[in-house]
Amino acid sequence: MKKIVLSDEIMNQISGGELPEGWEQIADSMAPSMKAQYPDMTYEEACAMLSQFFSDPADIAAVSEYMKKYF
């Protein structure tokens, strides 16, 4: 599986185990390109990939739940 590279700007917005205000809009802007880059990716694979960018289990759960609408 290929890795998605996030810009420093986006990575700086996700810090300290607390998602920034408006993180849903960031996810909405990233999801279409992720789906285009990996058209056969399953929801589980996407969650595994995204979880690499978060250290807080609550953040991982929130982002994973939110991303369900794209699968």
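Note: the structure precedes this text.
Report follows, based on the coordinates.

Definitions and cut-offs
Residues numbered from 1 in each chain as written. Predicted model: local features only at pLDDT ≥ 70, side-chain atom pairs only at ≥ 80, totals over all residues. Heavy atoms only, no water. Core = buried A, V, L, I, M, F, W, Y, C linked by side-chain atoms within 4.5 Å. Buried < 20%, exposed > 50% of the residue type's maximum accessible area, 1.4 Å probe, protein only. Helix = DSSP H or I, 4+ residues; strand = E, 2+ residues; numbered from the N terminus. Phe/Tyr/Trp six-rings, centres within 6.5 Å; stacked < 30°, edge-to-face > 60°. Expected span 1.5 Å × (residues − 1). Bend = angle between axes of the 7 residues up to and from the residue.

**Thoughts on the nonpolar core**
- With 14 residues, the main nonpolar core has Met34, Met41, Leu50, Phe54, Val63 and Met67 as its most contacted residues.
- Of all the secondary structure elements, the ones that give two or more residues to this core are helix H2 (23–37), helix H3 (43–51) and helix H4 (57–67).
- When residues in this core are grouped by element, the largest group, four residues, is from H2.

**With respect to the packing of aromatic side chains**
- Following the criterion strictly, the structure yields two aromatic pairs and no others.
- Between Trp23 and Tyr66, the aromatic rings sit 5.2 Å apart at their centres with planes inclined by 70°, giving edge-to-face as the arrangement. You can see Trp23 sitting in helix H2 and its partner Tyr66 sitting in helix H4, a full 43 residues away along the chain.
- Using a relative accessible area of 15% as the deciding quantity, one classes Trp23 as buried.

**Overview of H2**
- Between its first and last C-alpha, H2 extends 21 Å over 15 residues, near the 21 Å set by a 1.5 Å rise per residue.
- Met30 marks where H2 bends most, by close to 30°; the proline Pro32 follows one to four residues later.
- Restricting attention to buried positions, one finds in H2 the residues Trp23, Ile26, Ala27, Met30, Ala31 and Met34.

Note that all results are geometric; they support no functional claim without further evidence.
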